[in-house]
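# Analysis of the macromolecular model
The residues making up each chain are set out below.
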Amino acid sequence: QKTKRKALGNKRLHTQYEVLEDAARETNFRLSTDEEEDWDVWWIDGPIFTSLLHKMKLYQRTNHLPDVFALARKNLLAKNLNLMQKALPNEYNFFPQTWVLPGDSKSFKDQFNGKRSKTFIIKPEYNCQGVGIFLTRNYDWLIQGEHYVAQKYLHKPLLIEGLKFDLRIYVLVTGVSPLRCFIYKEGLARFATEQYKSPMGSNLNNLCMHLTNYAINKEADAF
C-alpha cells in the first residue's frame, strides 16, 4: 500500500549541483534511474512540465510549482511587478523604476534627456549569480533585439560597516490552493567586499562594491 511507504525513499535528480546528490545520500535517499516510475521526490533545475504533474501519484513531490518561472525569471518578474504597480500603486511601491528591454526601450532612452546624470543597473533577463550585470549612465551599449531588465540604481543604500548587503528570507511554498508557506526564520545576509561609494564614472565597473552576489565577491582579495 502506498500509504505505508517509508518517509525516505527514491529520489530522482536532474541537477548540475553535486551538493544535492551528497545531501540525498546523507539523508538515506536512494537515487533512482530515469527508467524507474516509482519515486518519492523529483528534483530538477529547470521547470516542471504539466505532463509530469498529470502522472504524479499522491505521495510524489517535486521541487517546483507549475509556471513558477513567471516569478523566477527577471524579465517576467519585472513585467508582473509593473502590472501590479499600475493596478495597486500604494501596495507595489517597494521596488525601483524598472524597464523590460527591448519592449520598453523608448521609455528607457527618455531617461537620459535630462542634464543630471542617472545611474542604472542592467541585468540579463535569465542569468543568475551576477553574470552579465553592469552599471551604466548611457544607453550606447543597447543592441537592438537583446533582452535585459533595467532598473534605476539606488545610490543611497543601507550599509553595514560601510558595505552594501542584501537580506534574503527563504520561503517554502508547499501548495497554492490553498496557499501554504513556511518561512525560514534565520534568513541570510550577503555582503559586498569593498567599501561603498556613490556611483561615478570611475567606479561603475567595480562590481565588488556595487553587487552582493556571492559568486562575484568570493573571487575578491578582501572576501
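Residues numbered from 1 in each chain as written. Predicted model: local features only at pLDDT ≥ 70, side-chain atom pairs only at ≥ 80, totals over all residues. Heavy atoms only, no water.

### Brief notes about the overall build of the protein
On a plain count of helices and strands, the protein comes out with 7 helices and 13 strands. Counting only C-alpha atoms, the protein reaches 75 × 40 × 35 Å along its principal axes. Every one of the 223 residues in the protein was classed for burial, and the buried ones make up 30%. Sequence-distant contacts, at least 24 apart, represent 47% of the contacts inside the protein between residues at least 6 apart. Side-chain charges of the protein comprise 31 positive and 24 negative groups, with the mean position of each set lying 7 Å from the other. (Helix = DSSP H or I, 4+ residues; strand = E, 2+ residues; numbered from the N terminus. Buried < 20%, exposed > 50% of the residue type's maximum accessible area, 1.4 Å probe, protein only. Contact = heavy atoms within 4.5 Å. Lys, Arg positive; Asp, Glu negative; His and termini not counted. Charge placed at Lys NZ, Arg CZ, Asp CG, Glu CD.)

### So, the confidence of the model for the protein
Predicted confidence across the protein gives a mean pLDDT of 88, with 94% of residues reaching 70 or more. Low pLDDT, under 50, characterises residues 1-8; the predicted model gives this stretch 9 contacts beyond four residues in sequence or across chains. (pLDDT = per-residue confidence, 0-100.)

### Looking at the pattern of salt bridges
Under the counting rule described, the total for this entry stands at 4 salt bridges. Measuring nitrogen to oxygen at the nearest pair gives 3.6 Å for the salt bridge that ties Lys106 to Asp110. With relative accessibility at 38%, the residue Asp110 sits in the partly exposed group. Across the salt bridge formed by Arg190 and Asp166, the nearest N and O atoms sit 2.6 Å from each other. Here Asp166 lies in strand β10 (residues 163-168) and Arg190 lies in strand β13 (residues 188-191), a separation of 24 residues in the sequence. In this structure Arg190 comes out as buried when scored by relative accessible area, which is 17%. (Salt bridge = Lys/Arg side-chain N within 4 Å of Asp/Glu carboxyl O.)

### Quick notes on the packing of aromatic side chains
Geometry of an aromatic ring pair is reported as the spacing of the ring centres plus the angle between the planes. Overall, the coordinates contain 15 aromatic pairs when judged by the stated rule. With centroids separated by 5.6 Å and ring planes inclined at 65°, the aromatic side chains of Phe94 and Phe95 adopt a geometry described as edge-to-face. On the basis of relative accessible area, Phe95 is assigned to the buried category, the value being 12%. Ring pairing ties together the aromatic residues Trp99, Phe108, Phe112, Phe120, Phe134, Tyr139, Trp141 and Tyr148, which thus form one cluster. (Phe/Tyr/Trp six-rings, centres within 6.5 Å; stacked < 30°, edge-to-face > 60°.)

### Digging into the pairing of strand β5 (residues 98-101)
On β5, burial covers both faces: Thr98 and Val100 on one face and Trp99 and Leu101 on the other are all buried. Where β5 meets strand β8 (residues 148-152), 4 bridges bridge the pair, whose relative direction is antiparallel. If you follow Leu101 over to β8, its bridge partner there is Tyr148. (Pairing = 2+ DSSP bridges.)

### Focus on the nonpolar core
If you look at the biggest cluster of nonpolar residues, it comprises 11 residues: Ile121, Ile133, Leu135, Tyr153, Tyr196, Leu204, Cys208, Met209, Leu211, Ile216 and Ala220. Those residues within four positions of Cys208 in sequence are excluded, and the remaining contacts are Ala192, Thr193, Glu194, Ile216, Asn217 and Ala220. (Core = buried A, V, L, I, M, F, W, Y, C linked by side-chain atoms within 4.5 Å.)

### Quick word on the pairing of strand β1 (residues 10-14)
Counted residue by residue, β1 has 4 buried out of 5 residues, so it is predominantly covered. Sheet topology note: the β1/strand β2 (residues 30-31) ladder contains 2 bridges and is parallel. By the bridge assignment for β2, Asn10 is matched with Arg30. Relative to strand β3 (residues 41-44), β1 runs parallel, the two being bridged by 4 bridges. The residue bridging Leu13 from the neighbouring strand is Trp43, located in β3.

### Notes on a positive patch on the surface
Judged by side-chain charge, Arg116, Lys118, Lys152 and Lys156 come together as a positively charged surface patch. Checked against the element boundaries, Lys118 lands in the loop between α5 (105-109) and β6 (120-124). Lys118 sits in the partly exposed class, given a relative accessible area of 32%. (Patch = residues over 30% accessible without salt bridge, like charges linked within 9 Å, V, L, I, M, F, W, Y side chains within 5 Å. Areas by Shrake-Rupley, 256 points an atom, 1.4 Å probe, with all protein chains shown as cover.)

### Some details on the sheet that holds β8
Spatial ordering of the open sheet is given by β5-β8-β6-β7, a layout of 4 strands whose pairing is antiparallel. Across the chains shown, the open sheet's two edge strands, defined by having one partner strand only, are β5 and β7 (134-136). Across this sheet, the average inter-strand angle for adjacent strands is 25°, counted without regard to direction. Of the strand pairs in this sheet, β6 and β7 are connected by 3 bridges, and their pairing is antiparallel. Among the inter-strand pairings, Ile121 is bridged to a residue of β7, identified as Leu135. Packed on one face of the sheet, helix α4 (residues 74-87) meets β5, β6 and β8 and runs near 130° to β5. (Axes fitted to C-alpha atoms, helices over the stretch in contact; angles between N-to-C directions.)

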